[in-house]
Each structure stands twice: as C-alpha cells, then as structure tokens.
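# Per-entry structural report
So the chains spell out like this:
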Amino acid sequence: MTSHRKHLVKDFNHFITCYVCKGYLIKPTTVTECLHTFCKSCIVQHFEDSNDCPKCGIQVHETNPLEMLRLDNTLEEVIFKLVPGLREKEQQQEVEFWRRNKSKENSNEDGPICKKARVDEEDDDKGDGDYHRSDTQIAICLDCLRNNGQMGENIVKGLMKKFIRCSTRVTVGTIKKFLSLKLKLPSSYELDVLCNGEIMGKDHTMEFIYMTRWRLRGENVYPMVLEYRPRIDFG
C-alpha cells in the first residue's frame with residue numbers, strides 16, 4: 001500500500017518567501033533578467049537605491065530596473081492557497097493603509113485609490129460581469145496629449161468623459177484597448193500612454209504606475225493623470 005507523505009507549509013518556504021523581508025511573498029514580482037521573485041514593495045524600494053538584483057547581484061538595467069519587473073499573479077494565488085488567512089490579512093492591512101494615508105478633509109471615495117468599487121457609468125448596465133469590482137479601485141484622468149503638427153492628431157481626439165475608475169490591476173495594454181474602442185480607432189493604430197511624460201509599458205498596472213511614477217501622489221493631487229497620443233516612430 002502506497003503511503004502519501006503530508007507536506008507542511010514550511011516545506012515550501014524556500015519558494016514562497018521573500019529574500020529581502022523574509023516574509024511570505026506579497027504581490028510576488030519577478031525580475032525578468034534573473035527570474036528571482038520578491039514582494040513588489042520590497043523590490044521597488046530596493047531599486048530606488050540600486051540597479052542590481054538583491055539576491056544574485058546581476059545588473060537588472062543600467063538606468064531603469066523597474067521596467068524589468070513582472071507581477072506573478074499565479075504564484076500569488078498559490079501562496080494564498082498554501083497559507084491560511086494570508087489573503088484576508090493582507091486585504092485588511094491594505095484597507096487600513098489607505099485609511100491612514102488618505103487626506104483627513106476628503107472622504108474615502110474622493111481619494112485616488114479606494115476600496116469601494118465603482119465603474120464608469122457607461123458600464124453600469126452591461127450585464128452581470130465581474131469587472132474586478134471587488135478589487136481596490138483607482139481614479140484616473142485620461143488626457144489627450146496634443147503636439148502641433150504631429151501625424152495622427154486629427155484621428156486621436158479627447159474623450160468626452162475622461163475620468164474613469166477601474167481596478168488597480170488593470171494594465172496599460174487594457175487602457176489602450178479602452179481608448180481605441182472609445183475613439184473608434186483602426187485596429188492597426190498604435191497609441192502611447194504616458195505618466196509624467198514617460199511612456200508606460202503595456203504590462204504596467206495602474207497600481208504600479210501610481211506607486212512608482214505618479215509624482216504628485218504625496219501632494220493630495222488626484223485623480224492620477226495619464227496622457228495618450230499617437231505612437232511616434234523614431235525609426
């Protein structure tokens with residue numbers, strides 16, 4: 001008769017703990033150059049002072065190592081299943097964090113990121129889809145960046161409703177699809193999305209941009225502003 005050995009959570013600690021903080025990986029984020037994974041907040045903070053991987057020492061990028069990070073949502077789900085209560089604990093800590101850091105004179109709904117889910121009013125009656133309504137939400141202003149004489153400017157217009165609220169897990173790629181749909185752009189038409197004048201990668205999430213690129217987040221300036229324009233071909 002074959003016996004099945006029961007594994008303890010500690011048997012997997014080597015694979016599900018962060019090298020930097022030694023705790024369980026929260027929002028596990030992988031460095032694409034060496035495939036080492038850390039908590040998102042740990043690796044972002046580390047890259048403020050260094051361009052090297054904290055575990056193996058390889059140079060991740062000469063100037064902007066944050067571009068080489070990718071969230072691992074699959075690993076996050078595995079960890080939450082392995083460690084009882086971890087998901088609920090992190091959700092509660094996140095709610096408390098935003099409650100502590102919001103402006104005292106503004107309600108929770110007015111801040112750039114809030115726990116209460118809201119969607120663009122045009123999507124309110126589109127059936128029973130989830131739309132990540134249970135996720136933390138972020139308010140965004142989508143501004144059309146106009147450059148005089150730029151090709152494609154006559155095609156790319158400003159949105160009639162430029163303020164939206166969406167999940168912090170939404171990526172720039174999804175924002176581009178949203179813009180293309182609303183502006184009725186040809187499928188082959190390419191857009192750039194920028195924050196503070198810097199072009200954002202298609203895999204960047206709204207939370208990642210807010211925490212690492214939005215320079216005014218500590219000055220009670222909201223919503224976060226993203227600009228879009230026709231893609232410029234430098235070739």
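The structure under discussion appears in the preceding block.
Because the structure is a prediction, the values reported are computed rather than measured.

## Focus: the overall build of the chain
Of the regular secondary structure elements, the chain holds 6 helices and 9 strands. Of the contacts made within the chain by residues no fewer than 6 positions apart, 58% connect residues no fewer than 24 positions apart. Within the structure as shown, the chain displays about 14,700 Å² of accessible surface, and the carbon and sulfur contribution to it stands at 50%.

## Describing the pairing of strand 7 (residues 191-195)
A large share of strand 7 lies buried, amounting to 5 of its 5 residues. Residue alternation in strand 7 divides its side chains into two sets, Leu 191, Val 193 and Cys 195 and Asp 192 and Leu 194, and both sets are buried. The sheet contact formed by strand 7 and strand 9 (residues 224-230) spans 4 bridges and is antiparallel. Each residue of the ladder has a partner; that of Val 193, found in strand 9, is Tyr 228. Alignment of strand 7 against strand 8 (residues 198-199), held across 2 bridges, turns out to be antiparallel. Looking at the pairing, Leu 194 lines up with Ile 199 of strand 8. Linkage of strand 7 to strand 8, two consecutive antiparallel strands, is achieved through a turn of 2 residues, within which Asn 196 is found at a positive phi near 55°.

## Focus on the side chain of Arg 213
Inspection of the secondary structure puts Arg 213 in the loop between helix 6 (206-212) and strand 9. Residue class for Arg 213 comes out buried when judged on its relative accessible area of 8%. Of the polar contacts made by the side chain of Arg 213, one reaches the side chain of Glu 67; its length is 3.5 Å. Of note is the side chain of Arg 213, whose polar atom sits 3.2 Å from the side chain of Glu 198.

## A word on unusual backbone geometry
Its identity is not glycine, yet Lys 22 carries a phi of approximately 70°, on the positive side. Relative to the elements of secondary structure, Lys 22 occurs in the loop between helix 1 (13-16) and strand 1 (28-31). Since its relative accessible area comes to 59%, Lys 22 is described here as exposed. Residues other than glycine seldom take positive phi values, yet Lys 27 does so here, at roughly 50°. Structurally, Lys 27 is set in the loop between helix 1 and strand 1. Residue classification places Lys 27 among the partly exposed positions, given a relative accessible area of 27%.

## What about the pairing of strand 9?
The side chains of a regular strand alternate between the sheet's two faces. Here strand 9 lies mainly inside the structure; 5 of its 7 residues are buried. Here 5 bridges tie strand 5 (residues 137-144) to strand 9, and the two strands are oriented parallel to one another. Within strand 9, the position partnered with Ile 140 by the bridge is Met 224.

## Re the packing of aromatic side chains
If you walk through the whole model with that rule in mind, you get 0 aromatic pairs. Residue placement shows Lys 22 over the ring face of Tyr 19; its charged tip is 4.4 Å from the ring centre.

## Remarks on the pattern of salt bridges
Under the criterion given, the structure shown has 10 salt bridges. Of the charged contacts, one joins Glu 67 and Arg 213 as a salt bridge, the two residues approaching to 3.5 Å between their closest N and O atoms. Note that Glu 67 is positioned in the loop between helix 2 (40-46) and strand 3 (69-71) and Arg 213 in the loop between helix 6 and strand 9, a separation of 146 residues in sequence. Residue Arg 87 pairs with Glu 77 through a salt bridge whose shortest N-O separation is 2.9 Å. Pair noted here: Arg 87 is in helix 4 (residues 86-101) and Glu 77 is in helix 3 (residues 73-82), with a separation of 10 residues, a long-range link. Exposure remark for Arg 87: the relative accessible area of 26% places this residue in the partly exposed category. Taking the relative accessible area as the measure of exposure, Glu 77 reaches 30% and is therefore partly exposed.

What counts, and at which threshold
- Residues numbered from 1 in each chain as written.
- Predicted model: local features only at pLDDT ≥ 70, side-chain atom pairs only at ≥ 80, totals over all residues.
- Heavy atoms only, no water.
- Helix = DSSP H or I, 4+ residues; strand = E, 2+ residues; numbered from the N terminus.
- Contact = heavy atoms within 4.5 Å.
- Areas by Shrake-Rupley, 256 points an atom, 1.4 Å probe, with all protein chains shown as cover.
- Buried < 20%, exposed > 50% of the residue type's maximum accessible area, 1.4 Å probe, protein only.
- Pairing = 2+ DSSP bridges.
- Polar contact = N/O pair within 3.5 Å; in protein donor to acceptor, adjacent residues only side chain to side chain.
- Phe/Tyr/Trp six-rings, centres within 6.5 Å; stacked < 30°, edge-to-face > 60°.
- Lys NZ or Arg CZ within 6 Å of the ring centre and 35° of its normal.
- Salt bridge = Lys/Arg side-chain N within 4 Å of Asp/Glu carboxyl O.

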